[in-house]
Amino acid sequence: MKKMNNRGFVLAETLVVSVFLLIIFGMIFNNFFPLLGEYQKRETFDDVEAKYSIYWIKRMIEDNSYTVNATDRSNFNNKGYAIFDCDRINDSAKRVMCDSMVGMLEVNNAAHCRSDNSGSLCNIYITKYRIGGNSAYKFKDTVKADTNYTVFNSGFQEYVRTLPDYVSGSLNYSRYRVLAEFHHTYPSGENDYYSYATIEVNR
Amino acid sequence: MKKLNNKGITIIEVIFCFVMISIITVSLYAIISSFNAKRIQEKVKEEIITYRNMLTKDMEDDFIKTGLTSATVSVSGPSNGTTVYTLNCTLKDGSKRRLIVSRTLNDTTDRAVVAGATANVNDSFSIRYGKVNQTGSGDENKDVVEYPLPDFGNVDNNGKTWKLLSINKVDIGVDDTSRVLRVYISLYHPEFGYRYSINIASPVNYNFINDKTTTLGLY
């Protein structure tokens, strides 16, 4: 009678294949799962609602009635940004409209978008069109340097980090840019999330 | 010449291999199942977001490109669980737009109860928006088209149905002092809550002037 196959190899084969498969899937897992988290984070960056909201803020800044003062210029030149303030609008009716708009658009700290001396800041920032890549365009560096999150929240810092420097310049010859953080809490108790947007300002 | 290993395959080896392959297969199946559930959830989310973005864009385009000169809101109901919100807008070119949100809401204990909800009706929601026919002939609302809500199915509640995607909260109004219009229409889904609702604000009858004669002057 012929002898049966006497090469005992199944266990070793299976072990080799299993280890190989585990390594491959481990590599895929490590590269793929962080992308899911990144995608979820970026869902609130420049979404449609935030883009329309920042558009209305841009219209208010571009309006002739919006002016800046010496403090704004000083902050702009030293830190790379000036804070938006409804009180900078010379027209009283437009000032009231501004106050209402920032509230309805759910700008973060909207209550402080009018000078209230509380020390808290409205989360709308006017910067140069280009925001990084050079010491003359320091907004990104300023945000990055705020490691204790005293001025900029972690979410906003993450948003700015993902933005390009806008080195090539605006096709509309815009010299400024506005960035905003929105905190969505309406209906009260049902929503609590942030969104972010930026748009150029042509004035 | 030395003989090669001549031990045969033992049953223990076979069982061990089978167990190893089973563990790997079950783990992979669990991962793929969770991804499938995630895929279905993302598809639902994508449909809601697409719907929200489409309606937001159509309304905001009118408010931004043409501009609002007036806006009035009327609410009828609730009557038999139905409330109808009508927003009439006049744009700067004289044309009119109308938004009609109709909501018939079945009252259940599983979701937010709103005024006017009743357990005796089926859920029914409708959003219509468009240009008002001002020619004087034909139906005024012939161009006020329906934006059909995505249908993700129903849940039975004692013989009446409530929809998984519902309009639980509507807040449309013009602030008299600031003359700002707000349109809030919730698109409530049990998995996402109010996260992907429609929220639009627009100034009414303001003239933004940017004639480039003055610069911002920050630098």
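Keep in mind that what you see is a predicted model, and the values were worked out from it rather than measured. (Residues numbered from 1 in each chain as written. Chains lettered and ligands numbered in written order. Predicted model: local features only at pLDDT ≥ 70, side-chain atom pairs only at ≥ 80, totals over all residues. Heavy atoms only, no water.)

Colleague: Please clarify how the overall build of chain B should be interpreted in this entry.
Modeller: Looking only at helices and strands, chain B has 1 helix and 10 strands in total. Going from N to C terminus, chain B has its helices and strands arranged as α-β-β-β-β-β-β-β-β-β-β. In terms of overall dimensions, chain B is more spread out than a globule: its C-alpha atoms have a radius of gyration of 28 Å, far above the 17 Å expected for 219 residues. Principal axes of the C-alpha set define a box for chain B whose edges measure 105 × 65 × 35 Å. Long-range pairs, those at least 24 residues apart, make up 50% of the contacts in chain B between residues at least 6 apart in sequence. (Helix = DSSP H or I, 4+ residues; strand = E, 2+ residues; numbered from the N terminus. Rg over C-alpha atoms; globule rule 2.2 N^0.38 Å. Contact = heavy atoms within 4.5 Å.)

Colleague: I'm lost on the environment of Gly173 of chain B in this one. Help?
Modeller: All names here are of chain B. For Gly173, the location among the structural elements is in strand 8 (residues 170–175). Distance in space between the C-alpha atoms of Gly173 and Asp107 is 25 Å, their sequence separation being 66 residues. Setting aside residues no more than four positions away along its own chain, Gly173 makes contact with Val73, Val180, Leu181 and Arg182.

Colleague: So what exactly am I meant to see when it comes to the interface of chain A and chain B here?
Modeller: As a measure of interface size, the accessible area lost when the parts come together is often cited. Across the boundary between the two partners, chain A contributes 55 residues, which contact 55 residues of chain B. In total, about 5,200 Å² of surface goes out of reach between chain A and chain B, with carbon and sulfur atoms giving 62% of it. On inspection of chain A and its partner chain B, the count reaches 3 salt bridges. When the shortest N-O distance is used, the salt bridge between Arg52 of chain B and Glu49 of chain A registers 3.9 Å. (Buried area = accessible area lost by both parts, 1.4 Å probe. Salt bridge = Lys/Arg side-chain N within 4 Å of Asp/Glu carboxyl O.)

Colleague: Whenever I open this one, the pattern of salt bridges confuses me. Can you help?
Modeller: Pairing between side chains of opposite charge can happen when their charged atoms approach one another. For the structure shown, the criterion picks out 22 salt bridges over all chains. Here Arg195 of chain B ties to Glu43 of chain A by a salt bridge, and the two come within 3.5 Å at their closest N and O atoms. Taken as a pair, Arg195 of chain B in the loop between strand 9 (180–185) and strand 10 (198–203) and Glu43 of chain A in the loop between helix 1 (10–42) and helix 2 (48–62) lie in two separate chains rather than in one. The partner of Asp87 of chain A in a salt bridge is Arg114 of chain A, and the shortest N-O contact between them spans 3.1 Å.

Colleague: I'm lost on the packing of helix 1 of chain A against helix 6 (residues 154–162) of chain A in this one. Help?
Modeller: Helix packing for two helices is described by the angle between their axes and how far apart those axes are. Residue and element names in this part refer to chain A. Close contact between helix 1 and helix 6 brings their axes to 11 Å; oriented N to C, the two are set at 105 degrees. Between helix 1 and helix 6, the angle is such that the two are roughly perpendicular. Across the interface between the two elements, Glu38, Lys41 and Arg42 of helix 1 pack against Glu158, Arg161 and Thr162 of helix 6. For the contact of helix 1 with helix 6, the residue count by class is no nonpolar, 1 polar and 5 charged. (Axes fitted to C-alpha atoms, helices over the stretch in contact; angles between N-to-C directions. Parallel < 35°, antiparallel > 145°, perpendicular 65-115°, else oblique. Nonpolar A, V, L, I, M, F, W, Y, C, P; charged D, E, K, R; others polar.)

Colleague: Looking at this structure, I do not really get the sheet that holds strand 5 (residues 144–146) of chain B. What am I missing?
Modeller: Adjacent strands of a sheet pair through backbone hydrogen bonds, lying either parallel or antiparallel. Residues and elements named next belong to chain B. One open sheet holds the 5 strands; their spatial order is 1-2-3-4-5, and the pairing between them is antiparallel. Two strands close off the open sheet at either side, each with one partner strand: strand 1 (68–79) and strand 5. On average, each strand axis in the sheet is tilted by 15 degrees relative to the strand beside it, whichever way the strands run. Sheet topology note: the strand 3 (residues 96–104)/strand 4 (residues 124–131) ladder contains 8 bridges and is antiparallel. Looking at strand 4, one finds that Arg97 is bridged to Lys131. Packed on one face of the sheet, helix 1 (residues 11–66) meets strand 1, strand 2 (82–91), strand 3 and strand 4 and runs near 30 degrees to strand 4. (Pairing = 2+ DSSP bridges.)

Colleague: Help me understand the side chain of Arg103 of chain B in this model?
Modeller: Residue and element names in this part refer to chain B. Considering the arrangement of structural elements, one finds Arg103 in strand 3. The charged side chain of Arg103 is buried without a salt bridge, its nearest counter-charge being Asp123 at 8.4 Å. From its side chain, Arg103 meets the backbone oxygen of Asn168 in a polar contact 3.0 Å long. (Buried < 20%, exposed > 50% of the residue type's maximum accessible area, 1.4 Å probe, protein only. Lys, Arg positive; Asp, Glu negative; His and termini not counted. Polar contact = N/O pair within 3.5 Å; in protein donor to acceptor, adjacent residues only side chain to side chain.)

Colleague: Quick question: what am I supposed to make of the state of the cysteines here?
Modeller: By definition, a disulfide links two cysteine residues through a covalent bond between their sulfur atoms. Residue and element names in this part refer to chain A. As enumerated under the stated definition, the model contains 2 disulfides over all chains in all. Two residues, Cys86 and Cys98, share a disulfide whose sulfurs are 1.9 Å apart. Handedness here is read from the sign of the S-S torsion; for Cys86 and Cys98, about -70 degrees, the answer is left-handed. Pair noted here: Cys86 is in the loop between strand 1 (81–83) and helix 4 (92–104) and Cys98 is in helix 4, with a separation of 12 residues, a long-range link. Classification of Cys98 as buried rests on a relative accessible area of 0%. Here Cys113 is linked by a disulfide to Cys122, with a sulfur-sulfur distance of 1.9 Å. Residues Cys113 and Cys122 are joined through a disulfide that is right-handed, its torsion about the S-S bond being 70 degrees. There is no split in this pair, since Cys113 and Cys122 are both buried. When the bonded cysteines of chain A are counted from the start of the sequence, the pairing works out to 1-2, 3-4. (Disulfide = S-S within 2.5 Å.)

Colleague: Looking at this structure, I do not really get helix 1 of chain B. What am I missing?
Modeller: An α-helical turn contains 3.6 residues, so any two residues separated by three or four positions project in the same direction. In this model, helix 1 of chain B (56 residues) spans 81 Å end to end at C-alpha, consistent with the 82 Å of a helix rising 1.5 Å per residue. Note on helix 1 of chain B: the residue one or two positions beyond its end, Gly67 of chain B, has a positive phi of about 100 degrees. (Expected span 1.5 Å × (residues − 1).)

Colleague: What is the right way to read the sheet that holds strand 9 of chain B from this model?
Modeller: Residues and elements named next belong to chain B. Sheet architecture is open: 3 strands sit in the order 8-9-10, paired in antiparallel fashion. Only two strands of the sheet have a single neighbouring strand rather than two, namely strand 8 and strand 10. Across the sheet, the mean angle separating the axes of adjacent strands is 5 degrees when strand polarity is ignored. Note: strand 9 against strand 10, 6 bridges, orientation antiparallel. Counted as the bridge partner of Tyr184 is Asn199 from strand 10. Packing against the sheet, helix 1 makes contact with strand 9 and strand 10, and its axis sits at approximately 5 degrees to strand 10.

Colleague: Looking at this structure, how should I read the packing of helix 2 of chain A against helix 1 of chain B?
Modeller: Running from amino to carboxyl end, helix 2 of chain A crosses helix 1 of chain B at an angle of 15 degrees, the nearest separation of the two axes being 10 Å. With respect to their mutual orientation, helix 2 of chain A and helix 1 of chain B come out roughly parallel. Seen along the crossing, helix 2 of chain A lies across helix 1 of chain B with a hand that is left-handed. For the pair helix 2 of chain A and helix 1 of chain B, contact is made by Val48, Glu49, Tyr52, Tyr55, Trp56 and Arg59 of chain A and by Arg52, Asn53, Thr56, Lys57, Glu60, Asp61, Phe63 and Ile64 of chain B, respectively. (Left-handed = near helix turned anticlockwise from the far one by under 90°.)

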